[in-house]
Amino acid sequence: MFGFSKKKGPAQSKEETLTFLARGFEFNGILNFDGMVRIDGVVTGEIHTEGTLIIGEHAVVEGNVSAGTIVSGGKINGNVTAREKVRLVSTAALLGTIRTPLLHIEEGVRLKGTCEAQGHRAEHSQDDRPKKLSEPRKPRVPQYGEL
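Residues numbered from 1 in each chain as written. Predicted model: local features only at pLDDT ≥ 70, side-chain atom pairs only at ≥ 80, totals over all residues. Heavy atoms only, no water.

Undergrad: Which residues make up the confidence of the model for the protein chain, and what are the values?
TA: Of all residues in the protein chain, 71% attain a pLDDT of 70 or more, and the chain-wide mean is 82. Confidence over residues 1-13 falls short of pLDDT 50; this stretch has 3 contacts with residues more than four positions distant or in other chains. Confidence over residues 124-130 falls short of pLDDT 50; this stretch has 0 contacts with residues more than four positions distant or in other chains. (pLDDT = per-residue confidence, 0-100. Contact = heavy atoms within 4.5 Å.)

Undergrad: Can you lay out the pattern of salt bridges for me, pointing to particular residues and giving the numbers?
TA: Across all of its chains, the model carries 5 salt bridges by this definition. Here Asp40 and Arg38 are joined by a salt bridge, their closest N and O atoms 2.9 Å apart. On the basis of relative accessible area, Arg38 is assigned to the partly exposed category, the value being 30%. Between Arg83 and Glu84 there is a salt bridge whose closest N-O contact spans 3.9 Å. Taken together, the shared-partner salt bridges connect Glu50, Arg83 and Glu84 into one network. (Salt bridge = Lys/Arg side-chain N within 4 Å of Asp/Glu carboxyl O. Buried < 20%, exposed > 50% of the residue type's maximum accessible area, 1.4 Å probe, protein only.)

Undergrad: Could you give an account of the environment of Ile39, naming the residues involved and the relevant values?
TA: Along the chain, Ile39 turns up in strand β3 (residues 36-39). With a relative accessible area of 0%, Ile39 lands in the buried category. When the C-alpha positions of Ile39 and Glu57 are compared, they lie 9.2 Å apart, and in sequence the two are 18 residues distant. For Ile39, the contacting residues outside a window of four places in its chain are Leu21, Ile47, Leu53, Ile54, Ile55, Gly56 and Ala59. (Helix = DSSP H or I, 4+ residues; strand = E, 2+ residues; numbered from the N terminus.)

Undergrad: Describe the nonpolar core, and please don't skip the residues or the numbers.
TA: One finds Ile39, Ile47, Leu53 and Ile70 to be the most contacted residues of the largest nonpolar core, which totals 23 residues. Sorting elements by how many residues they give to this core places strand β9 (residues 80-88) first, with 4 residues. Beyond its immediate sequence surroundings of up to four residues, Ile47 is in contact with Leu31, Phe33, Ile39, Leu53, Val61, Asn64, Val65 and Ser66. (Core = buried A, V, L, I, M, F, W, Y, C linked by side-chain atoms within 4.5 Å.)

See below:
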């Protein structure tokens, strides 16, 4: 009737659930989800999901956030950690630390904090990096007044 599958077993686990917390929603505590989540309300506490977390333009989050992918257009006052990527759209405001492999920030975002985004190269081990050819060391010649 509402598009829910009545199949049981492995096929059901392939479907991604969607949780929507509308504008006007207020929550204090820790939220844990499976699948995709969209928040347009106010959350004071932590938010965790393995899927995608969408923080709407009118949302306010006071606390740490972790997800597979994070897309934010709202306000976050806390640390943000994503396994895959973080995207901040133009209406976003963030006060905290971002840790993610990939980071996309649109023009107009307000950001105060630190960012750690390793890019695709972070997935490769140091053994995969090209070896730098060793150059013979040149003797250092002291400049005038140097000891």
